Amino acid sequence: MDKRIYNFNAGPAALPLPVLEEIKDELLNFNHSGMSILEVSHRSKWFDDVINEAVYRTKRLLDINDDFHVIFIQGGASMQFCMTPMNLVPDKQIVDFINTGVWSTKAIKEANIQGKNVHVIASSEDEGFSYIPDNFQVDNDAAYLHFTSNNTIKGTQWHRFPEAGGVPLVSDMSSDIMRKPFDVPPFGLIYAGAQKNIGPAGVAMVIIRKDMLERVPENLPTMLKYTTFTEKNSMANTPPCFAVYTINLVLKWLDEKIGGLQEMNRINREKAEILYDLIDSSDFYRGTARRDSRSMMNVTFRLPSEELETMFVKEAMDAGFGGLKGHRSVGGCRASIYNATDLDAVKALAEFMGDFEKNRG
Ligand SMILES: *Cc1c(COP(=O)(O)O)cnc(C)c1O
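Residues numbered from 1 in each chain as written. Predicted model: local features only at pLDDT ≥ 70, side-chain atom pairs only at ≥ 80, totals over all residues. Heavy atoms only, no water.

Q: Explain the packing of helix H2 (residues 45-62) against helix H6 (residues 241-258) here, please?
A: In a packed pair of helices, the relevant descriptors are the angle between the two axes and the axis-to-axis distance. Packing of H2 against H6 brings their axes to within 9 Å, and their N-to-C directions diverge by 40°. Classed by the angle they form, the pair H2 and H6 counts as oblique. The element H2 and its partner H6 pack so that their crossing is left-handed. Between H2 and H6, the contacting residues are Phe 47, Val 50, Ile 51, Glu 53, Ala 54, Arg 57, Thr 58, Arg 60 and Leu 61 on the first element and Cys 241, Val 244, Tyr 245, Asn 248, Leu 251, Lys 252, Leu 254, Asp 255 and Glu 256 on the second. Each residue belonging to the contact of H2 with H6 can be placed in one class, and the counts come to 10 nonpolar, two polar and six charged. (Axes fitted to C-alpha atoms, helices over the stretch in contact; angles between N-to-C directions. Helix = DSSP H or I, 4+ residues; strand = E, 2+ residues; numbered from the N terminus. Parallel < 35°, antiparallel > 145°, perpendicular 65-115°, else oblique. Left-handed = near helix turned anticlockwise from the far one by under 90°. Contact = heavy atoms within 4.5 Å. Nonpolar A, V, L, I, M, F, W, Y, C, P; charged D, E, K, R; others polar.)

The following block contains the structure:
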């Protein structure tokens, strides 16, 4: 491949081209430091400005105030599966989960390993995780309610977040954070592996409400305590500098080039509509998620046979469309259309899909 492909990877995923160009331009000499960002000290003013800007931009884009900390932790979203119950669920207190697929299941597993009092108050496992449950009762005395806002593998997404009364929400937003504005105050904690929608692999962004920190037990290992990160601005030890730097550039792009999350949401809707309209008007392609639960980020679909699916993925790759194979656990096809995958890429894919159906349908 001599030119850049249309990138529909699920994660690590496409980054905005202007961000990659900015990285390239300043790679050898970052901000007049005479060094690349990979080489500067995390204790320098240069990096301090980067991480502070990333925090500032996150708060600005999501419209959150100083009741929240924004921190960066290594270990991906998967590390948060264990850190959240470890830090935020006092022994014996109930913790509620809604199970909507592979990632939720892993989060539940980690809480169980720690012997927490886990209540799975709803699950869509009965229908192969093809929908978002809407009928559940949150325990009033639960430490929090955990849910996965977007199910990257099954292609489902919460379009209205669950209401939990006064019970704090905790959400894995790895694959849809920053896709649209939402009301943050009901959340006690939000976490997101960066490599889907906001940056490169190597870090999770964690947004934590300050009152939640009172729960952090004294006797946890230092690097597994949220307070270690909040007290030292994510720099108790060497942070993943390059990942945080790239996140900051992606957030700057979102704010200054796209125009914020309202506008991002409008574009994301338009992108998703193009693909779902095509799928719905075809007898050849079949969406796998229930219509009311469909993801705006991961469009999952099947073709009439596995042979055709294999052919589709291969011919698409030859034509410059990458990442269309479904997750290995479910098969089929998936087009991940995160923030950085632009409208032109989606229009080109729709055209390719239309042609493929004409030729092979
Ligand atoms: C990718 C993904 C994860 C796992 O992220 P890692 O950073 O690889 O640990 C967890 N949850 C969701 C929703 C994801 O999409």
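Q: I keep staring at helix H8 (residues 306-318) and nothing clicks. Help me out?
A: Because each turn of an α-helix spans 3.6 residues, side chains separated by three or four positions in sequence point in the same direction. Given a rise of 1.5 Å per residue, 13 residues ought to cover 18 Å, and the 18 Å separating the end C-alpha atoms of H8 matches this to within 8%. All of the buried residues along H8 are Leu 308, Glu 309, Phe 312 and Ala 316. One face of H8 carries all of its buried residues, which in axial projection span an arc of 100°. Exposed residues on H8 whose side chains face more than 90 degrees from its buried face are Glu 306, Glu 307, Thr 310, Lys 314 and Asp 318. Gly 320, located one to two residues past H8, shows a positive phi value of around 100°. (Expected span 1.5 Å × (residues − 1). Buried < 20%, exposed > 50% of the residue type's maximum accessible area, 1.4 Å probe, protein only. Arc of directions from axis to C-beta.)

Q: Even after reading the chapter, I still don't get the domain arrangement of the chain, so can you show me in this structure?
A: Interface size is commonly expressed as the accessible area that is lost once the parts come together. On domain assignment, one finds that the chain holds domain 1 (18-258) and domain 2 (260-360). Between domain 1 and domain 2, the C-alpha centre-to-centre distance is 27 Å. The interface is formed by 27 residues belonging to domain 1 together with 27 residues belonging to domain 2. Approximately 2,200 Å² of surface area, both sides summed, lies buried where domain 1 meets domain 2, with 56% of it carried by carbon and sulfur atoms. When the buried surface of domain 1 facing domain 2 is broken down by residue, Ile 153, Arg 179 and Ile 258 rank first, second and third, together holding 25% of it. On inspection of domain 1 and its partner domain 2, the count reaches zero salt bridges. At the boundary of domain 1 and domain 2, one finds 14 residue pairs in polar contact (both at pLDDT 80 or more). Looking at the side of domain 1 that touches domain 2, the elements with two or more residues in it are H2, strand S6 (150-151), strand S7 (156-157) and H6. The element best represented in the side of domain 1 that touches domain 2 is H6, accounting for four residues. Here the side of domain 1 that touches domain 2 is composed, by residue class, of 11 nonpolar, 10 polar and six charged. (Domains from an automatic or database assignment. Buried area = accessible area lost by both parts, 1.4 Å probe. Salt bridge = Lys/Arg side-chain N within 4 Å of Asp/Glu carboxyl O. Polar contact = N/O pair within 3.5 Å; in protein donor to acceptor, adjacent residues only side chain to side chain.)

Q: Just to check I follow, could you spell out the pattern of salt bridges for this structure?
A: Should the charged atoms of two oppositely charged side chains come close, the side chains can pair. The final tally for this structure, using the stated rule, is 19 salt bridges. Across the pair Arg 266 and Glu 263 runs a salt bridge whose closest N-O atoms are separated by 2.8 Å. With Arg 266 and Glu 263 both in helix H7 (residues 261-280), this residue pair falls three residues apart, about one helical turn. Residue classification places Glu 263 among the partly exposed positions, given a relative accessible area of 27%. Put simply, Lys 314 and Asp 318 hold a salt bridge, and the shortest N to O gap is 2.8 Å. Pair noted here: Lys 314 and Asp 318 are both in helix H8, with a separation of four residues, about one helical turn. Of the residues examined, Lys 314 reaches a relative accessible area of 52% and is grouped as exposed. Under the relative-accessibility criterion, Asp 318 is labelled exposed at 56%. One network of salt bridges, with partners in common, ties together Glu 53, Arg 57 and Glu 256.

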